[in-house]
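For reference, the chains in residue letters:
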There are 2 protein chains.
Amino acid sequence: MEEERSSRRRTGGIRMRDVAERAGVSTMTVSRALSEPAKVSQEMRERVIRAVEEVGYLPNLLARSLSSSRSTTVGLIVPSIDNSIYTQTLKGLSVVLRSRGFQLMIAESGYDPSEEEDLVAAFLTQRVSGLVLHNIEHTDRARALIRQAGVPVVENGNLPPEPLDMAVSYSNREAAKAMTLHLGRLGYRKIAFASLFAHNNDRSRDRIEGYRAALTELGQTPDPRLIVETSRGLASGAEAVVRVVQAVPEVDAFFCAGDVLAVGALFECQKRGWVVPRRIAIASFDDVDLLRHVSPAVTTLRLPRYGIGERTAQMLLGRILDDAEYLRGSVVDLKFEIIQRESA
Amino acid sequence: MEEERSSRRRTGGIRMRDVAERAGVSTMTVSRALSEPAKVSQEMRERVIRAVEEVGYLPNLLARSLSSSRSTTVGLIVPSIDNSIYTQTLKGLSVVLRSRGFQLMIAESGYDPSEEEDLVAAFLTQRVSGLVLHNIEHTDRARALIRQAGVPVVENGNLPPEPLDMAVSYSNREAAKAMTLHLGRLGYRKIAFASLFAHNNDRSRDRIEGYRAALTELGQTPDPRLIVETSRGLASGAEAVVRVVQAVPEVDAFFCAGDVLAVGALFECQKRGWVVPRRIAIASFDDVDLLRHVSPAVTTLRLPRYGIGERTAQMLLGRILDDAEYLRGSVVDLKFEIIQRESA
DNA sequence: ACAAGGGTTGTTACCGATATCAGCGGAAGC
DNA sequence: GCTTCCGCTGATATCGGTAACAACCCTTGT
């Protein structure tokens, strides 16, 4: 005559105890059979597996994580979730994490450091076992929270001078510099640069800096009229061309800090009947399929988006699962590549 | 002389008990002050809040969820994470969920129903309190798992004839049909259709069906040579044009089942010196910025991508937080819109 | 034959929170 | 004045697992 002695009504489904009773063993044996099969005899393992299937048991990861103080989720914070540049990195992360049974939680900060801070807190509250941040700039409290929680973190939008923990990226500064130098070597003298808004965006700022550094190296003094800040989108690229041309009609090259901007710029030039690259060269940041298929095909930088995600996940897992303390402080530079095509 | 009586070493950070001791109250008062402030006196509330800040307490959501059998995470499964069509929906979901303190977990099934099943199990194991699926086709076990878990689900890639629970989408069939009819009314007679692979893809299949239905309504017999199945990407769009033109040179309209395909097709036509829409019309599925800015601007379907995410999240939250049982079984059709431009 | 030790399994005490119900003081009702 | 009720707080059991250690069986060494 079994009686429910608990005053608290059970809500959930089948528990480990049910499996244990069915298999005629203790819950510890079930737990071990599922989590550390090597510690259990062949026979027990099979009996447990069978019981699991018979009763349709799904482990409760909340309970497991709470008890073992170890979770299988990783949090990702990007500035803006609907920006296509993150999808490749996201894919790389997802593939590697999933292969080891980890889940990815994603959120967007809207380029707002204080929102990033809130999200860090929210993720820590969820007890993620790792964090991925796109920014390399963080509020003091965000840094403190992360340090206090002792959670491994990878920054991956840029190479941070002082990494929070680990970092995987390419150098925005060096990439912008390399392309600008490349244009200079090709003979272009009046190289304009269309930047995305640099407010709360370390990537944009570094790109501008790289551009400036290259000009200096080319023996030029950066001309502020050749630098325009704009938002994302095709229309912005077009508008950027208009603004620069108005200020400096003799501009002969246009380097855009984003693929979409470059396409917008290209369309605008074509609308004006300007032959690219004869009248004006165009170069882009970040390779996408589109840039290879427009005419003329656009010279651009290939960034290791997928690899960043992949490597980020590997390092995080190394720290979480294999306790690879030697990874702490690693800053991995995955490099970029200039793709020379017809537009410059 | 306090002594650690537990044999198990504590790993975590500051617990609710620490806050309670600091504030000189019981953990229940802390718990209530944080989760149900109305049930606690003004004074206690303030004392607790102060103690929380002083000791730097972050609640443990794993423990909360386990104890209350209520979680604040929602799982999203998409066929392919690096497809840009999901970003708007993802954004809509994210914004609404976050506003109510929920986190989004995301995973990709790779168009594989059995992988979807595994992911459903993985998410249920994580005790998500809601699921969002892009597919409307699922394995029997996936359906069973979901039913057994009693978790609210929204399907949102298509309108399902038999919803698992709730659905928010537009009708792929009706959209394809509407555009095809539109082209027919504009006077085009030989309308080709470029489809994405239909294997394990209900959306693709419904689009083809809609196209067929429209032709029938136009008094034509669908010509299999005018339907090509292809993969994603600009190159595929171009190649699709090549294949159709070879088989049916007199084709006068080309309806593509995806924005990227349409651009690829447009480029190919221009490469061949064909005037669009004079020689051949082009129409696309799904609106993106690019289609408005190419020349000629491409006639397309505007799909309620963001709204789907938003509404999906609202319905899920309704079920989870407000116990809105009346939502069960709802299928919301958010409609589409034909954007008439120059290419057709 | 007996102690030592490895491999398995079970018992018990937690992980960090919340549900439930009891207790307590003061206002309201008669 | 005394009972009733309400608002607030706390004690205790529990959510579904795992850590740590004890217990047991059997093999091995001497």
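Residues numbered from 1 in each chain as written. Chains lettered and ligands numbered in written order. Predicted model: local features only at pLDDT ≥ 70, side-chain atom pairs only at ≥ 80, totals over all residues. Heavy atoms only, no water.

Visitor: Just checking my understanding: could you explain the overall build of chain A for this structure?
Guide: Of the regular secondary structure elements, chain A holds 13 helices and 12 strands. A globule of 344 residues ought to have a C-alpha radius of gyration of about 20 Å, yet chain A, at 26 Å, is considerably larger. Dimensions of chain A, computed from C-alpha atoms along their principal axes, come out at roughly 95 × 40 × 35 Å. For chain A, the residues scored as buried account for 56% of the 344 residues in total. Of the roughly 15100 Å² of accessible surface on chain A, 49% is carried by carbon and sulfur atoms. (Helix = DSSP H or I, 4+ residues; strand = E, 2+ residues; numbered from the N terminus. Rg over C-alpha atoms; globule rule 2.2 N^0.38 Å. Buried < 20%, exposed > 50% of the residue type's maximum accessible area, 1.4 Å probe, protein only. Areas by Shrake-Rupley, 256 points an atom, 1.4 Å probe, with all protein chains shown as cover.)

Visitor: Got a minute to help me understand the packing of aromatic side chains in this structure?
Guide: The geometry of an aromatic ring pair is captured by two quantities: the separation of the ring centres and the angle between the planes. Residue and element names in this part refer to chain A. Applying the stated criterion to the full structure yields 8 aromatic pairs over all chains. Centre to centre, the rings of Y170 and F285 are 6.5 Å apart; their planes meet at 45°, and the pair counts as tilted. Of this pair, Y170 sits in the loop between β5 (166-169) and α8 (172-185) while F285 sits in the loop between β9 (281-284) and α12 (289-293), placing them 115 residues apart in sequence. Taken individually, Y170 and F285 each receive the classification buried, so the pair is uniform in this respect. An aromatic cluster is built from Y170, F193, Y211, F255 and F285, whose rings are joined through pairwise contacts. Directly above the ring of F285 sits R207, whose terminal nitrogen or CZ lies 3.8 Å from the centroid. (Phe/Tyr/Trp six-rings, centres within 6.5 Å; stacked < 30°, edge-to-face > 60°. Lys NZ or Arg CZ within 6 Å of the ring centre and 35° of its normal.)

Visitor: Got a minute to help me understand helix α10 (residues 234-247) of chain A in this structure?
Guide: What sets the pattern is the α-helix's 3.6 residues per turn: residues three or four places apart point alike. Here α10(A) spans 21 Å end to end across 14 residues, near enough to the 20 Å set by a 1.5 Å rise per residue. The set of residues buried in α10(A) consists of A:L234, A:S236, A:G237, A:A238, A:A240, A:V241, A:V244 and A:V245. At its buried positions, α10(A) is contacted by β6 (191-196), β7 (227-230), β8 (253-256) and α11 (259-271) of chain A together with α12 (289-293) of chain B. (Expected span 1.5 Å × (residues − 1). Contact = heavy atoms within 4.5 Å.)

Visitor: Looking at this structure, I do not really get the protein's contact with DNA strand C. What am I missing?
Guide: Neighbouring DNA strand C are 31 residues, the closest being A:T29, B:R10, B:M16, B:S31 and B:S67. Taking all atoms of DNA strand C within 4 Å of the protein, the share assigned to sugar and phosphate is 60%. Contact distances for DNA strand C include 2.8 Å between a phosphate oxygen and a side-chain N or O atom of A:S41. One of the side-chain nitrogen or oxygen atoms of B:S35 is found 3.2 Å away from a phosphate oxygen of DNA strand C. Contributing elements (two or more residues each) for the surface near DNA strand C: α2 (27-35) and α4 (61-68) of chain A together with α2 (27-35) and α4 (61-68) of chain B. Across the surface near DNA strand C, the residue classes break down as 11 nonpolar, 12 polar and 8 charged. (Near = heavy atom within 4 Å. Polar contact = N/O pair within 3.5 Å; in protein donor to acceptor, adjacent residues only side chain to side chain. Nonpolar A, V, L, I, M, F, W, Y, C, P; charged D, E, K, R; others polar.)

Visitor: Whenever I open this one, the sheet that holds strand β12 (residues 337-339) of chain B confuses me. Can you help?
Guide: Backbone hydrogen bonds are what pair the strands of a sheet, in a parallel or an antiparallel way. All names here are of chain B. Here we have 6 strands laid out as an open sheet, ordered β7-β6-β8-β9-β10-β12, and mixed in their pairing. Every other strand in the sheet has two partners, leaving β7 (227-230) and β12 as the edge strands with one partner each. For this sheet, the mean angle separating the axes of adjacent strands, direction not counted, is 20°. Pairing of strand β8 (residues 253-256) with strand β9 (residues 281-284) involves 3 bridges; the strand directions are parallel. Bridge pairing in β9 links A253 to A281. Here helix α9 (residues 202-217) sits on the sheet in contact with β6 (191-196) and β7, set at roughly 170° to β6. (Pairing = 2+ DSSP bridges. Axes fitted to C-alpha atoms, helices over the stretch in contact; angles between N-to-C directions.)

Visitor: Please clarify how the pattern of salt bridges should be interpreted in this entry.
Guide: Proximity of charged atoms lets side chains of opposite charge pair with each other. Residue and element names in this part refer to chain A. Per the stated rule, a full pass over the model turns up 54 salt bridges over all chains. Residue E117 pairs with R141 through a salt bridge whose shortest N-O separation is 2.9 Å. You can see E117 sitting in helix α6 (residues 113-125) and its partner R141 sitting in helix α7 (residues 140-149), a full 24 residues away along the chain. With relative accessibility at 14%, the residue E117 sits in the buried group. Residue R141 is classed as partly exposed on the basis of its relative accessible area, which comes to 43%. Here D289 ties to R292 by a salt bridge, and the two come within 3.0 Å at their closest N and O atoms. Placement of the pair is D289 and R292 together in helix α12, with a separation of 3 residues, close to one helical turn. By relative accessible area, D289 is classed as partly exposed at 30%. (Salt bridge = Lys/Arg side-chain N within 4 Å of Asp/Glu carboxyl O.)

Visitor: Got a minute to help me understand the environment of B:Q103 in this structure?
Guide: One can find B:Q103 in strand β2 (residues 103-108). The class of B:Q103 is buried, set by a relative accessible area of 3%. Considered as a pair, B:Q103 and B:T72 are 31 residues apart in the sequence and their alpha carbons are 6.3 Å apart. Excluding anything up to four places from it in sequence, B:Q103 contacts A:M105, A:A107, A:A122, A:F123, A:Q126, B:T72, B:T73, B:V74 and B:R98.

Visitor: Sorry if this is basic, but what is going on with empty space enclosed by the protein here?
Guide: Any empty space left between the atoms is revealed when a probe the size of a water molecule rolls over them. The tally for this structure, following the rule as stated, stands at 6 cavities of 30 Å³ or more. There is about 160 Å³ of room inside the largest cavity. If you trace the largest cavity, you find 17 residues lining it, with A:L62, A:T73, A:Q126, B:L62 and B:Q126 closest to the centre. Put simply, the parts of the chain that give the lining of the largest cavity at least two residues each are α4 of chain A together with α4 of chain B. Taken together, the residues of the lining of the largest cavity break down into 7 nonpolar, 10 polar and no charged. Approximately 110 Å³ is the volume attributed to the second largest cavity. Taken together, 16 residues form the lining of the second largest cavity, with A:I81, A:T87, A:L90, B:T87 and B:L90 sitting closest to its centre. Among the elements of the structure, β1 (73-78) and α5 (85-99) of chain A together with α5 (85-99) of chain B are those that each provide at least two residues to the lining of the second largest cavity. Here the residues of the lining of the second largest cavity are counted per class, giving 11 nonpolar, 5 polar and no charged. (1 Å grid on protein atoms, 1.4 Å probe; cavity = no way out; pocket = protein on both sides within 12 Å on 5 of 7 lines; lining within 4 Å. Points joined across faces, edges and corners; volume = space filled by probe spheres on them.)

Visitor: So what exactly am I meant to see when it comes to the domain arrangement of chain A here?
Guide: Splitting chain A by domain gives domain 1 (16-59), domain 2 (72-170 + 306-336) and domain 3 (172-302). Distance between the C-alpha centres of domain 1 of chain A and domain 2 of chain A: 35 Å. (Domains from an automatic or database assignment.)

Visitor: Whenever I open this one, the nonpolar core confuses me. Can you help?
Guide: Nonpolar side chains tend to gather and get buried jointly when the protein is soluble and globular. A:F254, A:F255, A:I282, B:F254, B:F255 and B:I282 are the most contacted members of the largest nonpolar core, which totals 152 residues. What B:I282 contacts, discounting residues up to four positions off in sequence, is B:F254, B:A262, B:A265, B:L266, B:C269, B:V276, B:V298, B:T299, B:S343 and B:A344. Among the nonpolar cores identified, the runner-up in size contains 31 residues, and A:V153, B:F123, B:V128 and B:V153 belong to it. (Core = buried A, V, L, I, M, F, W, Y, C linked by side-chain atoms within 4.5 Å.)

Visitor: Is there a simple way to think about the protein's contact with DNA strand D in this case?
Guide: Neighbouring DNA strand D are 29 residues, the closest being A:R10, A:S31, A:S67, B:T29 and B:M44. The sugar-phosphate portion of DNA strand D accounts for 64% of its atoms within 4 Å of the protein, the bases making up the rest. For DNA strand D, a phosphate oxygen lies 2.7 Å from a polar atom in the backbone of A:M16. A distance of 3.3 Å separates a phosphate oxygen of DNA strand D from a polar atom in the side chain of A:S35. Looking at which element gives the most residues to the surface near DNA strand D, the answer is α4(A), with 5 residues. Split into classes, the residues belonging to the surface near DNA strand D amount to 10 nonpolar, 11 polar and 8 charged.

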